[in-house]
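Close look at the chain arrangement
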Amino acid sequence: MSIILSAKHIIKTYHESGRNLSVLADINLEISPGEFFVFVGPSGSGKSTLLRIMSGLDKDFGGSIFYGEKLKPSEISFVFQQFALFPWLTVAQNIEFGLIARSVPDKKRREIVRAELTTFGLEKFAHAYPRDLSGGMKQRVGIARALATEPRVIFMDEPFSELDSFTATELRKDLLRIWRERKPTIIMVTHIIEEAIELADRIAVLTPRPGKIEKIFQNTLPRPRQERSQEFYRLEDTITEIIKP
Amino acid sequence: MRRAHINIYNSRKHLAVTLLLVVLPFLFLLGFSRYAHIAAGQLFSDVGMSFVRLVVAYLISVVLAWILAILFYKGRRAKVALPVFDVLQSFPAFAMLPLATLVFGRSNTTVIFFLVITIIWPILFSILSSLKLIKHEWEEAVEISGMGGVDYLKYFLWPVSVPGLITGSIIGLGEGWEALVATEIIVRMHGGLGDFFNRYSTNAEITALGIAGLLILIFSMNKLFWLPLLESSHRRMEE
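Position numbers for residues start from 1 in each chain and track the written sequence from start to end. Written order decides the labels, with chains lettered from A and ligands numbered from 1. Per-residue local features of the predicted model are confined to residues with pLDDT of at least 70, and side-chain atom pairs are confined, for both listing and counting, to 80 or more; whole-chain, interface and lining totals are unaffected and use all residues.

**Digging into the overall build of chain A**
Selection rule: Segments assigned H or I by DSSP are reported as helices when at least four residues long, segments assigned E as strands when at least two residues long, and all are numbered from the N terminus. We compute the radius of gyration from the C-alpha atoms alone; for a globule the expected value is 2.2 Å times N to the 0.38, where N is the number of residues. We call two residues in contact whenever the C-beta atoms placed from their backbones are within 7 Å.
Scanning chain A for helices and strands turns up seven helices and nine strands. In terms of C-alpha radius of gyration, chain A reaches 18 Å, essentially the compact-globule figure of 18 Å for 245 residues. Summarising its shape, the C-alpha atoms of chain A cover approximately 50 × 45 × 40 Å along the three principal directions. A separation threshold of at least 6 residues defines the contact pool for chain A, and within that pool the share at least 24 residues apart is 72%.

**Examining the domain arrangement of chain A**
All names here are of chain A. Definition in use: Each domain's limits were defined by an automated method or a database of domain assignments. Under the convention adopted here, Pro, Cys and the residues Ala, Val, Leu, Ile, Met, Phe, Trp and Tyr are nonpolar, Asp, Glu, Lys and Arg are charged, and Gly plus all remaining residues are polar.
On domain assignment, one finds that chain A holds domain 1 (5–71 + 153–243) and domain 2 (86–151). Distance between the C-alpha centres of domain 1 and domain 2: 25 Å. Between domain 1 and domain 2, the residue contacts involve ten residues of the former and nine residues of the latter. Elements represented by at least two residues in the side of domain 1 that touches domain 2 include exactly β6 (153–157) and α5 (165–182). Top contributing element to the side of domain 1 that touches domain 2 by residue count: α5, with four residues. Of the residues in the side of domain 1 that touches domain 2, the class split is eight nonpolar, one polar and one charged.

**A few points about unusual backbone geometry**
Residues and elements named next belong to chain A. Looking along the chain, the bond that leaves Arg 209 and enters Pro 210 is cis, with omega of -10°. By the element assignment, Pro 210 lies in the loop between β8 (202–207) and β9 (212–218). For the peptide bond that leads from Arg 223 to Pro 224, omega is -10°, which places it in the cis range. By the element assignment, Pro 224 lies in the loop between β9 and α7 (230–243). With a phi angle near 55°, Lys 70 is a residue other than glycine that sits in the positive phi range. Mapped onto the elements, Lys 70 comes out in the loop between β4 (62–67) and β5 (76–79).

**Brief notes about the pairing of strand β2 (residues 19–31) of chain A**
Each regular strand displays side chains that alternate between the two surfaces of the sheet. All names here are of chain A. This is how the line gets drawn: Two strands pair if DSSP finds at least two bridges between them.
Judged from the nine bridges that link them, strand β1 (residues 5–16) and β2 form a sheet pairing that is antiparallel. Counted as the bridge partner of Thr 13 is Ser 22 from β2. Here β1 hands over to β2 after two residues, with Ser 17 in that stretch at a positive phi of 35°.

**Examining the interface of chain A and chain B**
Taken together, the contacts link 23 residues of chain A with 18 residues of chain B. Going through the elements one at a time, β5 and α2 (91–101) of chain A are the ones with two or more residues in the side of chain A that touches chain B. Across the side of chain A that touches chain B, the residue classes tally to 13 nonpolar, seven polar and three charged.

**Points about the sheet that holds β2 of chain A**
All names here are of chain A. Keep this limit in mind: Convention adopted: a line fitted to C-alpha atoms gives each axis, helices being fitted over their contacting stretch, and angles between N-to-C directions are expressed from 0 to 180 degrees.
Ordered by their spatial adjacency, three strands build an open sheet running β2-β1-β4, and the pairing between neighbours is antiparallel. What marks the edges here is a single partner per strand, and that holds for β2 and β4. Direction aside, neighbouring strands of the sheet carry axes that sit 20° apart on average. In this sheet, β4 lies alongside β1 in antiparallel orientation, the contact comprising five bridges. Bridge assignment links Leu 5 to a residue of β4, and that residue is Tyr 67. Together, β1, β2 and β4 form the strand contacts of helix α1 (residues 47–55), whose direction differs from that of β1 by roughly 125°.

**Digging into the environment of Asp 106 of chain A**
Position of Asp 106 of chain A relative to the elements: it lies in helix α3 (residues 106–119). As for Asp 106 of chain A and Glu 96 of chain A, which are separated by ten residues in sequence, their C-alpha atoms are 9.9 Å apart.

**Some words on the nonpolar core**
This is how the line gets drawn: Here a nonpolar core is just a set of buried residues of the types Ala, Val, Leu, Ile, Met, Phe, Trp, Tyr and Cys, joined wherever their C-beta atoms sit within 7 Å. Partly exposed residues are those falling between the two cut-offs: more than 12 but fewer than 20 other C-beta atoms within 10 Å of their own, whereas 20 or more means buried and 12 or fewer means exposed, with C-beta atoms placed from the backbone.
Core analysis: the biggest nonpolar cluster contains 74 residues, and Val 38, Ile 187 and Ile 203 of chain A have the highest contact counts within it. No other element matches helix α4 (residues 135–148) of chain A, which puts seven residues into this core. Here this core spans two domains, since at least three of its residues come from each of domain 1 (5–71 + 153–243) and domain 2 (86–151) of chain A. When residues no more than four places from it in sequence are discounted, the contact partners of Ile 187 of chain A are Ile 31, Phe 37, Leu 51, Met 54, Val 153 and Phe 155 of chain A. Within the second largest apolar cluster, 41 residues are counted, among which are Trp 66, Ile 120, Trp 121 and Leu 214 of chain B.

Here it is in structure tokens:
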């Protein structure tokens, strides 16, 4: 089985006022290309920290991260919980940002931006600024920006937690459609168990203080997943039992 | 990336009023020269000369302040540099004037040098304040994008520093006008507003009118340029 990313013995400790606070303890896992992998866990389980370590944003940790399949850092994208859009740039310019960094020629850049605007229904907002958009629209821009560079791996840090439930449901559907079409590897964290079950191929359940992987579930429920099915509820109960303090 | 349209005026009326304010100082100076029986050419030349000195000093200050801010706004360098900047900005700039005159003589260089060491601090500290407001997530988004070098300065650090640059410019130029006239008087420059006030120091009426003219000029510049720009730059950083 080919591996696009593996984490071996990841530990993370913060030093605060003379005390050591262990955030992650001995995290080991392997992720396959094209997989939708979700970490689920309560606050304080180190989900976001782990995501930042795996994406290369946090370099201060113990253990090692390996990128397989000749994955390069430039083939990685990140979607942020609070969107992290640049307020001085328009929607189109935000989407374009990563393409400029990769020195994509002007004409090609415009084509890609136009295509992403269409994919996310943002054509009418191309010249709007983030301040003019709703939370849902902002996260559409955030995802469009992440996808514009055609990444092979996308990290998502609780991308729907700032949105109302209706918008989050719509956006999850869009994400699944895009994932099916483009087949990137998605590594996401969430604290919502239903969201993890709806989206993931595999679910790693993290428990807090220090954060460690309690169990990894292979999610074999057929897609599209029925939230009201017995199997869905059963898996949700099993994960809840593990997380419950 | 296409340059975003910068709309610093809210309406046509706003623009019209602003343009009127540009014309106002010129009309005032013309009327003033008639009233005081001063050659209008001489008066405009004095104002123009001072204005050019200030603009040159301002541009040097902006470039230096921005480079210093970018180099020292965070990390270990900031820990070392910021207390040094703080001490330097507290140093009374006028104490440097005799030395500057000794080195550069009674020249434009002396005036500009003195103006730079006056104007640079508010601009530098305002840019530093803007850069301190950079969100950690923005930095992460930039890091993931892999943007670096000139693009990083152009598309990230420059836009973030603009609101501070404008705020600092308004404060710096306010102090700059004061320092400009004082320096021109102390150094006994030939030409410029300082020279004008020196020449008419015994005529209270002309001096008062001169001060009024200077105030109208500063007020118009603020209204014409700086305040709309300030408003626009802050609006751009709203999320």
